[in-house]
Amino acid sequence: MKKIGFLSFGHWQDVPGSSVRTGRDALLQSIDLAVAAEEVGVDGAYVRVHHFARQLASPFPLLAAMAAKTSTIELGTGVIDMRYENPLYMAEEAAATDLISDGRLQLGVSRGSPETALRGSESFGYVPGDEETDADIARSHTEVFRAAIAGAGVARANPQMTGTNGLLAIQPQSPELGERIWWGAGSRSTAVWTAEQGMNLMSSTLLTEDTGVPFDELQAEQIQMFRDAWTEAGHEWQPRVSVSRSILPLIDDETRRYFGLRAQADSKDQVGHLDGGLARFGRSFIGEPDVIAAELAKDAAVQAADTVLVTVPNQLGVAFNARILESIVKDIKPALG
């Protein structure tokens, strides 16, 4: 059975209609939504990470708190922008969080997305070298992070304290975490690179390329290229693949009031310019649950993936989103295979 998770950006804003007015609201309601989602049978609780914005930014305290309040649901990110990260400190935080969760952590990492700050990662102290790109920084930070969580020695020991001058690994260690790292890939070529590196594939509602075919077909091609490259690389374990979708079942007067008028307008892919090139944005799925189930059953990428992450309108509150998620689990998930 395919896994269903929710993905929250954790927006907050003190405006009429928002149930999430402050950063504290966003954090505490994220924890409450993870608890509610587990109760209705959702398989995963994922959070997006954005800096310099009224959205969730520091995932590990939040994920650890979610872990302490739940027992079965997977807890993850989709995605952490690795340009901003100290990879060794992140390795300590990730291992500690994974141990608290008893091995339920699923970490999506990547280059990130267009953001509110100009050269924001430089404010965190990570300045590109000559001819080094943002993608280069993200990938090099990820390489150090993955080596650290795998137990590589990263700092020379003090002989006066340890009796040795060998290399020390970060502590604590969570030995199986390395197989639960996902790369957020926005193109087919990046998906191939992800497979070569031995990471799981996370693909969102945006691809930074366009070939003229529908979004789900292009994404399905991306997934197949990832799996072919994985097989060719000869890794010893089976990877996972997730795709994100905007799914909004109309189940009562409130959901119809908020989203009913969007059903037609958002029912098609969108193509636009992003970072100097064409990009294809996937459609939303809004309507009666049985109609959505039939549409997703024909979605080539949803059928190819093992995990579907549903983006939630978190500003409408925990109870509202829990109702949506319960309908997705009961009325839509069975049709996804």
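Residues numbered from 1 in each chain as written. Predicted model: local features only at pLDDT ≥ 70, side-chain atom pairs only at ≥ 80, totals over all residues. Heavy atoms only, no water.

## Some words on the sheet that holds strand β12 (residues 277–281)
Reading across the sheet, the three strands line up as β9-β12-β11 and stay open at both edges, with antiparallel pairing between neighbours. Of all strands in the sheet, those bounded by a partner on one side alone are β9 (206–207) and β11 (270–274). Note: β11 against β12, five bridges, orientation antiparallel. Note on β12: the bridge partner recorded for glutamine 270 is phenylalanine 281. (Pairing = 2+ DSSP bridges. Helix = DSSP H or I, 4+ residues; strand = E, 2+ residues; numbered from the N terminus.)

## Re the side chain of threonine 70
Within the element layout of this structure, threonine 70 appears in the loop between α2 (59–69) and β3 (74–81). The class of threonine 70 is buried, set by a relative accessible area of 10%. For threonine 70, the side chain forms a polar contact with the main-chain oxygen of methionine 66, separated by 2.8 Å. Among all residues touching threonine 70, those that are not within four sequence positions of it are Ala34, Val35, Glu38, Leu75 and Arg104. (Buried < 20%, exposed > 50% of the residue type's maximum accessible area, 1.4 Å probe, protein only. Polar contact = N/O pair within 3.5 Å; in protein donor to acceptor, adjacent residues only side chain to side chain. Contact = heavy atoms within 4.5 Å.)

## Some points on the UniProt feature "domain: Luciferase-like" (unreviewed entry) in the chain
Using the residue numbers shown here, the UniProt feature "domain: Luciferase-like" (unreviewed entry) corresponds to residues 17–247. Along residues 17–247 one finds 41% helix and 17% strand; the C-alpha atoms at either end are 21 Å apart. (UniProt positions renumbered as here; feature names shortened; annotations may be inferred.)

## Focus: the environment of threonine 205
Along the chain, threonine 205 falls in the loop between β8 (200–203) and β9. It is 27 Å that separates the C-alpha atoms of threonine 205 and aspartate 14, two residues lying 191 residues apart in sequence. Setting aside residues no more than four positions away along its own chain, threonine 205 makes contact with Phe215, Ser244, Arg245, Ser246, Arg280, Phe281 and Gly282.

## Side note on the nonpolar core
In terms of nonpolar packing, the biggest core is built from 74 residues, with Met66, Leu107 and Phe145 touching the most fellow members. Broken down by element, the residue count for this core peaks at six residues, all from helix α13 (residues 318–332). Discounting chain neighbours no more than four positions away, the residues touching leucine 107 are Phe60, Thr77, Ile80, Met90, Ala94, Phe145, Arg180, Ile181 and Trp182. With six residues, the next largest nonpolar core counts Tyr46, Val79, Trp182 and Met202 among its residues. (Core = buried A, V, L, I, M, F, W, Y, C linked by side-chain atoms within 4.5 Å.)

## Focus on the environment of leucine 177
By secondary structure assignment, the location of leucine 177 is in the loop between β6 (167–168) and β7 (181–184). Looking at leucine 177, the relative accessible area reads 0%, which means it is buried. Measuring from C-alpha to C-alpha, the distance between leucine 177 and glycine 103 comes to 7.3 Å, with 74 residues separating the pair along the chain. For leucine 177, the residues in contact, after removing those within four places along its chain, are Ala94, Ala95, Asp98, Leu105 and Ile149.

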